[in-house]
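One letter stands for each residue in the lines below.
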Amino acid sequence: MTRFFAEAPNAINLSPGVLALLRQEAEQAGAQECCGLLLGDGSLIERAVPTANVAADPFRHFEIDPQALVQAHRAARMGGPQVMGYYHSHPTGAAEPSATDRALAAGDGAVWAIIAAGDVTFWHDGKAGFARLPIRPPCG
């Protein structure tokens, strides 16, 4: 079962390497939008999993490969990490939800990470729209 948040968490925790991977994926995608899944449990994003961007125009939009999404949900049902949300890049925009993102948002409590110009921000997609999520510093 997907574990999206009913209400925005106070902050999000990230396993080591998640931010670096998101920045690397956006850089490698260049002018196209990269995208993928955020997996974890509770408020911890354990890893980011790149997926193919199957949008008709990947230079302006993103669409996560449906097969990758199905596989991630199947793995979660078998005890693997939960699908907490999604990430994508804005090659020519800001690291915040665009008008398109806002129009397509489901209000389902998912976490969205948006990458632009090396900056990575996290957002809660709630019923009232997007709310920025701070990143909690790692412990230890």
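Residues numbered from 1 in each chain as written. Predicted model: local features only at pLDDT ≥ 70, side-chain atom pairs only at ≥ 80, totals over all residues. Heavy atoms only, no water.

Novice: Explanation requested: the side chain of glutamate 25 in the structure shown.
Specialist: Within the element layout of this structure, glutamate 25 appears in helix α1 (residues 18-29). Comment: no salt bridge for buried glutamate 25; closest opposite-charge side chain is arginine 47, at 13 Å. Beyond its immediate sequence surroundings of up to four residues, glutamate 25 is in contact with Cys34, Pro50 and Tyr87. (Helix = DSSP H or I, 4+ residues; strand = E, 2+ residues; numbered from the N terminus. Buried < 20%, exposed > 50% of the residue type's maximum accessible area, 1.4 Å probe, protein only. Lys, Arg positive; Asp, Glu negative; His and termini not counted. Salt bridge = Lys/Arg side-chain N within 4 Å of Asp/Glu carboxyl O. Contact = heavy atoms within 4.5 Å.)

Novice: How do you make sense of α1 when you look at a structure like this?
Specialist: Between its first and last C-alpha, α1 extends 17 Å over 12 residues, near the 16 Å set by a 1.5 Å rise per residue. All of the buried residues in α1 are Val18, Leu22, Glu25 and Ala26. End-on view of α1: buried residues confined to an arc of 95°, all on one side of the axis. Opposite the packed face of α1, turned more than 90 degrees from it, sit the exposed residues Glu27 and Gln28. Among the structural elements, β1 (13-14), β3 (44-51), β4 (82-89), β5 (111-116) and β6 (119-126) are those in contact with the buried residues of α1. Looking one or two places after α1, you find glycine 30, whose phi comes out positive at around 60°. (Expected span 1.5 Å × (residues − 1). Arc of directions from axis to C-beta.)

The analysis is restricted to geometry; functional conclusions fall outside its scope.
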